[in-house]
Amino acid sequence: MAQLLTDAEINTQAIRLSGWTVEGSKLHTTRKFKDFITAMEFVNQLVEPAESLGHHPDIEISYNKVKITLTTHDAGGLTQKDFELAEIISQLS
């Protein structure tokens, strides 16, 4: 099982992630696109990185908005896996 990060480790890593916020034991971002099709194309880009890391985000789609939430459920909070996937997602357009 992945090891939980300390509050200090979470804060240090969160500073490097533009557009992400930490709320409790979860990492969040919301991306807005020009339309539903573009939003879905973005979501489809998440499949390969999530599968390769064996770490899957919670995703909410509302027309042109995609909300992504990361947490390591089996560890009960934020781990390095969450920040690794957040960095990859931040690079997707």
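A brief report on the enclosed structure follows. (Residues numbered from 1 in each chain as written. Predicted model: local features only at pLDDT ≥ 70, side-chain atom pairs only at ≥ 80, totals over all residues. Heavy atoms only, no water.)

Quick look at the nonpolar core now. Residues Trp20, Leu27, Phe42 and Ile68 are the most contacted members of the largest nonpolar core, which totals 19 residues. Among the elements of the structure, α2 (36-45), β4 (65-70) and α4 (80-91) are those that each provide at least two residues to this core. Looking at which element gives the most residues to this core, the answer is α4, with 4 residues. Excluding its chain neighbours within four sequence positions, the residues that come into contact with tryptophan 20 are Leu27, His28, Thr29, Ile68, Leu70, Ala86, Ile89 and Ser90. (Core = buried A, V, L, I, M, F, W, Y, C linked by side-chain atoms within 4.5 Å. Buried < 20%, exposed > 50% of the residue type's maximum accessible area, 1.4 Å probe, protein only. Helix = DSSP H or I, 4+ residues; strand = E, 2+ residues; numbered from the N terminus. Contact = heavy atoms within 4.5 Å.)

Let us look at the sheet that holds strand β3 (residues 58-62). On the basis of which strands lie adjacent, the open sheet formed by 4 strands has the order β1-β2-β4-β3 and antiparallel pairing. Two strands bound the open sheet, and with one partner strand each, they are β1 (21-23) and β3. Adjacent strand axes in the sheet meet at a mean angle of 25° when their direction is disregarded. Against the sheet, α4 makes contact with β2 (26-32) and β4, and its axis sits at roughly 10° relative to β2, the strand it touches most. (Pairing = 2+ DSSP bridges. Axes fitted to C-alpha atoms, helices over the stretch in contact; angles between N-to-C directions.)

Our next topic: the packing of aromatic side chains. For the coordinates displayed, the defined rule picks out 1 aromatic pair. Aromatic pair phenylalanine 33 and phenylalanine 42: ring centres 5.0 Å apart, planes at 35°, arrangement tilted. Each member of the pair, phenylalanine 33 as well as phenylalanine 42, is classed as buried. (Phe/Tyr/Trp six-rings, centres within 6.5 Å; stacked < 30°, edge-to-face > 60°.)

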